[in-house]
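Structural overview
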Amino acid sequence: MPDKDLVDLCPPIEPYQVTKNRVYYGLRKKGNPIPTNDMWIAATALQYNLALFSYDKHFQAIDGLKTGSGIADFKIVRSE
């Protein structure tokens, strides 16, 4: 039986694989492939609805991914 703490720490990979495949095929249709490791980064950001800070411009080609390369690119939301 797997260690419960390890199972909680490592979420299932299947949702990420599905999201990565969506990123891959979306970029392939556009004729704009990116490195596989960057597809995993984008899939993780999309899965958790996160914005991605990066100087790599190719992330901007991914539909639905919020990207930026400076603080001015992101809206800061403070909870009170």
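Residues numbered from 1 in each chain as written. Predicted model: local features only at pLDDT ≥ 70, side-chain atom pairs only at ≥ 80, totals over all residues. Heavy atoms only, no water.

1. Topic: the confidence of the model for the protein chain
Stated formally: A score between 0 and 100, pLDDT records how confident the predictor is in each residue. Only DSSP runs of H or I with at least four residues qualify as helices, and only runs of E with at least two residues qualify as strands; both kinds are numbered from the N terminus onward.
For the protein chain, per-residue confidence averages 82 on the pLDDT scale, and 80% of positions sit at 70 or higher. Summarising per-element confidence for the protein chain, the mean pLDDT is lowest in helix H1 (residues 4-9) (53) and highest in strand S1 (residues 51-53) (94).

2. A word on the packing of aromatic side chains
Within a pair of aromatic rings, the relevant descriptors are the distance that separates the centres and the angle that separates the planes. Rule in force here: Pairing of aromatic side chains here covers Phe, Tyr and the six-membered ring of Trp, requires ring centres within 6.5 Å, and sorts the geometry by plane angle: under 30 degrees stacked, over 60 edge-to-face, intermediate tilted. Burial here depends on accessible area, computed with a 1.4 Å probe over protein chains only, as a share of the maximum for the residue type. Under 20% is buried, over 50% is exposed, and the range in between is partly exposed.
Under the counting rule described, the total for this entry stands at three aromatic pairs. Between Tyr24 and Tyr25, the ring centres sit 4.9 Å apart and the planes meet at 80°, which makes this aromatic pair edge-to-face. Residue classification places Tyr24 among the partly exposed residues on the basis of a relative accessible area of 30%. Tyr25 gets classed as partly exposed once you look at its relative accessible area, which sits at 48%. Within the aromatic cluster, the residues linked to one another by ring pairs are Phe53, Tyr55 and Phe74.

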